[in-house]
Amino acid sequence: MSSRNADMSSAGATGLTAGLVVLDGCGTGVTDIVRLADGAARPVPGTEAMKRVEESWDAARQIAATGRVYGRSTGVGANRNEDVPTEAAAEHGLRLLRSHAGAIGEELPARQVRAMLAVRANQLLAGGAGLRPTVVTALCEALETGAYPVVNEFGSVGTGDIAALAQVGLALVGEHPWRGPDASRTPSVPSVPPVPSVPSVPPVPSVPRSPEQGAPLAGQGVPPQGQSSSAQGPSSLGLEERVTSFGEEVSSLGQGLPPAPQPLDNNDALALISSNALTLGQAALALDELRGLIEATQVVAALSLLAVDGSHEAYAAPVHAARPHKGSTEVARRMRELIGAADRPTPPLGRIQDPYGFRCVPQIHGPAHDAADALEGVLVVEINAAAENPLISPEDMAAYHHGGFYQAQLALALDHFRLAVTQVARLSTSRLSTLNEPAYTRLRPFLADHEPASSGVMILEYAAAAALGDLRAFSAPASLGHAVLSRGVEEQASFASLAARQTLRACGAYRLVVGCELVSAVRALRQRDLRPDPELPVGRAMELAESVLGLDQADRPLTDDVTAAAALLDRFTDIWRGIES
């Protein structure tokens, strides 16, 4: 996990009041999800978005009361043709949550679960789920207080994170445990009985709760005659008032107290779990970290380039104007800025051209930037999508059954991104090998000290190759997976969920590979007594690295050096972006 992105278990709720993210179901981005996952911002549902949720909720109940709607008045999967009697409808929703809350494996860390909650809240605000509005309020309250449900790792094949979200649903009902910001289990709250499902149910407003119960949540009572659900519900408040109310109402801010139990029924269960919110949240976190690491790697590559007296010609503006791929052109431009090179550099003395590790940085880093952009484009669509099946359309008073939950675009974008990232890491190991060569550094083999037969940084080549091996394994395309499930009714799977997990796992291995190069580059520059201009970005990177990495160049264990270098990469990301403090 990124050192810049501390888990909630260590960060507590100290950053929960630092800024706001307005969730509107249409313009929420990857950075917004990351901020909410990290507890660096508080969520506030947008006014118009909450109106959409209420309209969808009202329409969904009317549609379900007059016709057959998958998951509301029928079973799911292979049981889709089995009707649910009206008298059993309310319990059907709870049975669906209980039966599907069977995720297995390790508990997911708070950060991943919070990313899922943020994505799901925003998707619901797109207005196509037909779910009771108080669920959105409850999810936002959990994000604000730091509470998160216990969610296990495995249960999705890329056609909906139904097992994980069913666990969320049971937690909202009060039948499944929550954890607080310190990862301790919070007390369970008594579950509430499901609201009986009856035809033409009128909208329901909020009722007050006692102060010890926390913020009042709309939709938990029987309305006075003629009163609409918007009379006291959250969407009746303007955005400014709701921003204030969130801060004032939640007296348990940062305490990890879960929201009050929700009376989920047949009109809520499938509407809640019909989403890939966990996969999307994990993908957003992975993209955010790896994009930053790719940028940091170029700063490390710039240090290595200086250590071997590398040529600037590979980054010349005419080279990339002649082959104008967006990512490669930007990488070349940024490299010229990092090292202070001219747009049209003069040829160097000595060797005519450098090894690929230096000469092909734009051609290998560039596609990784392009892949990151492509993945972000897919994520922004999905984070703001009303992709629930069925889609509730209040305008048409219709429930459209579809396959919008199938995450082929995301799986393919994640697979593409990991392959591109692995090439960037592999290029780092190429530069590491070059740094060990006296022909390029004019130093002893392996950057050893003066002692006879010293090994220097020899072992780092092995360590980096081992970490790169993990990266190669994680880069295997998850989209090649296949599954036939639910008695053959669901005969295809995208495995986007696996792709997201593999992308998250790639972060740690990638970080270590580049950490090995950074240790070696700084060592070579020190031995050659080369100090880049401190006014240049690469000079500031050198100063920062020297403040962290020890001077002792005798043969010794380098584990701590690589660990420190790997942690430093987030600061290098800031240098690449020009925002370092």
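Remember, it's a predicted structure, so these values are computed and weren't measured experimentally.

About the criteria used
- Residues numbered from 1 in each chain as written.
- Predicted model: local features only at pLDDT ≥ 70, side-chain atom pairs only at ≥ 80, totals over all residues.
- Heavy atoms only, no water.
- Helix = DSSP H or I, 4+ residues; strand = E, 2+ residues; numbered from the N terminus.
- Contact = heavy atoms within 4.5 Å.
- Areas by Shrake-Rupley, 256 points an atom, 1.4 Å probe, with all protein chains shown as cover.
- Axes fitted to C-alpha atoms, helices over the stretch in contact; angles between N-to-C directions.
- Parallel < 35°, antiparallel > 145°, perpendicular 65-115°, else oblique.
- Nonpolar A, V, L, I, M, F, W, Y, C, P; charged D, E, K, R; others polar.
- Buried < 20%, exposed > 50% of the residue type's maximum accessible area, 1.4 Å probe, protein only.
- Left-handed = near helix turned anticlockwise from the far one by under 90°.
- Core = buried A, V, L, I, M, F, W, Y, C linked by side-chain atoms within 4.5 Å.
- Expected span 1.5 Å × (residues − 1).
- Salt bridge = Lys/Arg side-chain N within 4 Å of Asp/Glu carboxyl O.
- Polar contact = N/O pair within 3.5 Å; in protein donor to acceptor, adjacent residues only side chain to side chain.
- Phe/Tyr/Trp six-rings, centres within 6.5 Å; stacked < 30°, edge-to-face > 60°.
- Lys NZ or Arg CZ within 6 Å of the ring centre and 35° of its normal.
- pLDDT = per-residue confidence, 0-100.

Caption draft 1: Region of interest: the overall build of the protein chain. Along the backbone of the protein chain there are 20 helices and eight strands. Expressed as a percentage of contacts within the protein chain between residues at least 6 apart in sequence, the contacts between residues at least 24 apart total 79%. When the accessible surface of the protein chain is split by element, carbon and sulfur atoms take 56% of a total near 22400 Å².

Caption draft 2: Region of the structure containing the packing of helix H10 (residues 277–307) against helix H20 (residues 559–577). It is at 7 Å that the axes of H10 and H20 come closest, and there the two elements cross at 85°. By the angle between their axes, H10 is roughly perpendicular relative to H20. Residue-level contacts link Arg291, Gly292, Leu293, Glu295, Ala296, Gln298, Val299, Val300 and Leu303 of H10 to Leu569, Phe572, Thr573, Ile575, Trp576 and Arg577 of H20. A per-class count over the contact of H10 with H20 returns nine nonpolar, three polar and three charged.

Caption draft 3: Looking closely at the environment of glutamine 363. Mapping glutamine 363 onto the fold places it in helix H14 (residues 361–383). Accessibility expressed as a relative area gives 28% for glutamine 363, which makes it partly exposed. Distance in space between the C-alpha atoms of glutamine 363 and serine 328 is 5.5 Å, their sequence separation being 35 residues. Setting aside chain neighbours within four positions, we find glutamine 363 in contact with His320, Arg323 and Ser328.

Caption draft 4: Region of the structure containing the packing of helix H12 (residues 326–339) against H14. It is at 7 Å that the axes of H12 and H14 come closest, and there the two elements cross at 120°. Accordingly, the angle class assigned to the pair H12 and H14 is oblique. With respect to the hand of their crossing, H12 and H14 are arranged in right-handed fashion. When H12 is examined against H14, the residues Lys326, Gly327, Ser328, Val331, Ala332 and Met335 are found in contact with a partner set consisting of Val361, Pro362, Gln363, His365, Gly366, Pro367, His369, Asp370 and Asp373.

Caption draft 5: Up close: the nonpolar core. Among the nonpolar cores identified, the biggest contains 145 residues, and Met116, Tyr510, Leu518 and Phe572 are the most heavily contacted of them. When residues in this core are grouped by element, the largest group, 19 residues, is from H10. Setting aside residues up to four positions removed in sequence, methionine 116 forms contacts with Val151, Ala164, Leu165, Val168, Ala277, Leu278 and Gly281. Ala60, Ile63, Ala64 and Val69 belong to the second largest nonpolar core, which has seven residues in total.

Caption draft 6: The environment of leucine 143, seen in detail. By the secondary structure assignment, leucine 143 is in helix H6 (residues 133–145). Between the C-alpha atoms of leucine 143 and leucine 36, which are 107 residues apart in sequence, the distance is 7.1 Å.

Caption draft 7: Layout of H12. Look at H12: 20 Å from first C-alpha to last across 14 residues, which is about the 20 Å you get at 1.5 Å a residue. When H12 is considered as a whole, its buried residues turn out to be Gly327, Ser328, Val331, Ala332, Arg334, Met335, Arg336, Leu338 and Ile339. On the buried face of H12, the contacting elements are H10, helix H11 (317–321), H14, helix H19 (537–546) and H20. Positioned one or two residues after H12, glycine 340 has a phi angle of 75°, which is positive.

Caption draft 8: Layout of the pattern of salt bridges. The full count for this structure, using the stated rule, is 29 salt bridges. Between lysine 51 and glutamate 48 there is a salt bridge, with the nearest N and O atoms lying 3.4 Å from each other. One end of the pair is lysine 51 and the other is glutamate 48, both in helix H3 (residues 47–66) and three residues apart, which spans about a single turn. For lysine 51, a relative accessible area of 35% translates into the label partly exposed. For the salt bridge of arginine 351 with aspartate 354, the shortest nitrogen-to-oxygen distance reads 2.7 Å. According to the relative accessible area criterion, arginine 351 is partly exposed, its value standing at 27%.

Caption draft 9: Quick look at the side chain of asparagine 389. Positionally, asparagine 389 belongs in the loop between H14 and strand E7 (391–393). Residue classification places asparagine 389 among the buried residues on the basis of a relative accessible area of 12%. Here histidine 402 takes part through its backbone nitrogen, which lies 2.9 Å from a polar atom of the side chain of asparagine 389.

Caption draft 10: Structural context of the packing of aromatic side chains. Scanning the model with the defined rule gives zero aromatic pairs in all. Above the plane of the ring of tryptophan 576 lies arginine 334, whose end atom (NZ or CZ) is 5.8 Å from the centre.

Caption draft 11: Representation of the environment of aspartate 555. Its place among the elements puts aspartate 555 in the loop between H19 and H20. Assessed through its relative accessible area of 43%, aspartate 555 is described here as partly exposed. In this structure the C-alpha to C-alpha distance between aspartate 555 and methionine 458, which are 97 residues apart in sequence, comes to 10.0 Å. Ignoring anything within four residues of it in the chain, the contact list for aspartate 555 reads Asp449, Ser454, Ser455 and Gly456. In terms of polar contacts, aspartate 555 uses its side chain to reach the backbone amide nitrogen of serine 455, at 3.1 Å. Polar contacts involving the side chain of aspartate 555 include one to the main-chain amide nitrogen of glycine 456, which spans 3.0 Å.

Caption draft 12: Structural detail: unusual backbone geometry. Cis geometry is found at the peptide bond from asparagine 389 to proline 390, where omega equals 0°. In this structure, phenylalanine 446 is a non-glycine residue whose phi angle is positive, near 60°. Mapped onto the elements of the fold, phenylalanine 446 is located in the loop between helix H16 (438–441) and helix H17 (458–474). We classify phenylalanine 446 as partly exposed; its relative accessible area is 23%. Its identity as a non-glycine residue notwithstanding, alanine 453 has a phi of 60°, on the positive side. Mapped onto the elements, alanine 453 comes out in the loop between H16 and H17. What makes alanine 453 exposed here is its relative accessible area of 73%.

Caption draft 13: Highlighting the confidence of the model for the protein chain. Confidence along the protein chain averages 84 in pLDDT terms, with 79% of residues attaining 70 or more. Between residues 194–237, whose pLDDT stays under 50, and residues either more than four places distant or in other chains, the model counts 92 contacts. For the stretch residues 239–253, pLDDT sits under 50, and the model shows 39 contacts to residues farther than four places along the chain or on other chains.

Caption draft 14: Summary view of helix H7 (residues 162–173). With 12 residues, H7 ought to run about 16 Å at 1.5 Å a step, and its terminal C-alpha atoms sit 16 Å apart, in line with that. Counting buried positions over the 12 residues of H7 gives 11, a clear majority of the element. Within H7 the residues assigned to the buried category are Ala163, Ala164, Leu165, Ala166, Gln167, Val168, Gly169, Leu170, Ala171, Leu172 and Val173. Among the residues trailing H7, glycine 174 stands out with phi positive, at a value near 110°.

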